[in-house]
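The primary structure of each chain is shown beneath.
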Amino acid sequence: NENFYECSDLIMNISKQTVNIVKNVAENKPRTDWDCTYVPHGIPEDNFKPINELDVKGYDEMDKFRKSILHNRDKDFVVFWCNRNIRRKVPGDVILSYKTFCDTLTKEQADKCVLVMHTAPVDQNGTDLPAVVEEMCPDYDVIFSHQRLDDKHMNYMYNIADVQINMASNEGFGLGTAEAVMAGTPAIVNV
């Protein structure tokens, strides 16, 4: 991308890592702090926030949403993955990682876990995820949530989760990861 970086008058990056990459790649026309800037994503803190028992109305509504999303299954540990079903988002690796995690647990503990994948289960640019689950992870619960959700319900989803995971192989910035952190949900991510 060197030619693209060097022919641009201004590059506004959404991660500090990308700022560093651009500055290191643009050797023939070195970038300055003025023409290669960092502009972080903004996450509305009124939309993505922790919900607890003290917020009675929100908590009750979230509990109903939880029961709906989890199909009334009694689960103690929810792993949440929110991405598009495409190769670089590595959904198959997420399923395999979840299986590997559950394999380390007792049967009783694993039965209390669920992976919720908020994505299209089948995508022409991705894979047939239900088939992957059936082949690689048939003994553990995986739920697909594919309906479009507004910010309120996405915040519920992050609050329901015990951990959010993003293992994408090529991610400029993980917006879902930032939203999860704003909601107080720990995130498992790579660099």
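Being a predicted model, the structure only gives us computed values, none of them experimental. (Residues numbered from 1 in each chain as written. Predicted model: local features only at pLDDT ≥ 70, side-chain atom pairs only at ≥ 80, totals over all residues. Heavy atoms only, no water.)

Chemist: Please explain the pairing of strand E4 (residues 113-118) as it appears in this structure.
Modeler: Remark: a regular strand shows side chains that alternate across the two faces of the sheet. Burial analysis of E4 places 6 of its 6 residues in the buried class, which makes it a mostly covered element. Relative to E4, strand E3 (residues 77-82) is paired through 6 bridges, and the arrangement is parallel. Looking at the pairing, Phe80 lines up with Val116 of E4. As defined by bridge partners, E4 adjoins strand E5 (residues 141-145) across 5 bridges and the pair is classed as parallel. (Buried < 20%, exposed > 50% of the residue type's maximum accessible area, 1.4 Å probe, protein only. Helix = DSSP H or I, 4+ residues; strand = E, 2+ residues; numbered from the N terminus. Pairing = 2+ DSSP bridges.)

Chemist: What is the right way to look at the sheet that holds E4 in this model?
Modeler: Reading across from one edge, E5-E4-E3-E6-E7 is the order of the 5 strands in this open sheet, with parallel pairing throughout. What marks the edges here is a single partner per strand, and that holds for E5 and strand E7 (187-189). The sheet shows a mean angle of 25° between the axes of neighbouring strands, taken without regard to direction. (Axes fitted to C-alpha atoms, helices over the stretch in contact; angles between N-to-C directions.)

Chemist: Is there a simple way to explain a nonpolar patch on the surface in this structure?
Modeler: Together, Leu10, Met12 and Val39 make up an exposed nonpolar region whose accessible area comes to about 270 Å². Along the polypeptide, Met12 turns up in strand E1 (residues 11-13). (Patch = residues over 30% accessible without salt bridge, like charges linked within 9 Å, V, L, I, M, F, W, Y side chains within 5 Å. Areas by Shrake-Rupley, 256 points an atom, 1.4 Å probe, with all protein chains shown as cover. Salt bridge = Lys/Arg side-chain N within 4 Å of Asp/Glu carboxyl O.)

Chemist: Whenever I open this one, the packing of aromatic side chains confuses me. Can you help?
Modeler: Geometrically, a pair of aromatic rings is defined through the distance of the ring centres and the angle of the planes. As enumerated under the stated definition, the model contains 5 aromatic pairs in all. With 5.7 Å between their ring centres and 40° between their planes, Phe77 and Phe101 make a pair best called tilted. With Phe77 in strand E3 and Phe101 in helix H4 (residues 91-103), this pair connects stretches of sequence that are 24 residues apart. Put simply, the rings of Phe48, Phe80 and Tyr158 touch in pairs and so form one group of aromatic residues. (Phe/Tyr/Trp six-rings, centres within 6.5 Å; stacked < 30°, edge-to-face > 60°.)

Chemist: Is there a simple way to think about the nonpolar core in this case?
Modeler: Considering soluble globular proteins, one finds that nonpolar side chains tend to be buried as a cluster. Ranked by size, the top nonpolar core spans 23 residues in total, and within it Phe80, Val116 and Tyr158 carry the most contacts. For this core, the elements supplying multiple residues, two or more each, are helix H3 (56-69), E3, E4, helix H7 (151-160) and helix H8 (175-182). Ignoring anything within four residues of it in the chain, the contact list for Phe80 reads Val116, His118, Met154, Met157, Tyr158, Ala161, Val163, Gln164 and Ile165. Val94, Tyr98, Cys113 and Leu129 belong to the second-largest nonpolar core, a separate cluster that totals 18 residues. (Core = buried A, V, L, I, M, F, W, Y, C linked by side-chain atoms within 4.5 Å. Contact = heavy atoms within 4.5 Å.)

Chemist: Where do I start with the pattern of salt bridges in this structure?
Modeler: Two side chains that carry opposite charge are able to pair once their charged atoms sit near each other. Enumeration over the complete set of coordinates arrives at 10 salt bridges. With its nearest N and O atoms 3.6 Å apart, the salt bridge here joins Arg31 to Asp35. Across the pair, exposure class does not vary: Arg31 and Asp35 are buried alike. Across the pair Asp111 and Lys107 runs a salt bridge whose closest N-O atoms are separated by 3.0 Å. With Asp111 and Lys107 both in helix H5 (residues 107-111), this residue pair falls 4 residues apart, about one helical turn. Linked through salt bridges whose partners overlap, the residues forming this network are Arg73, Lys75 and Asp141.

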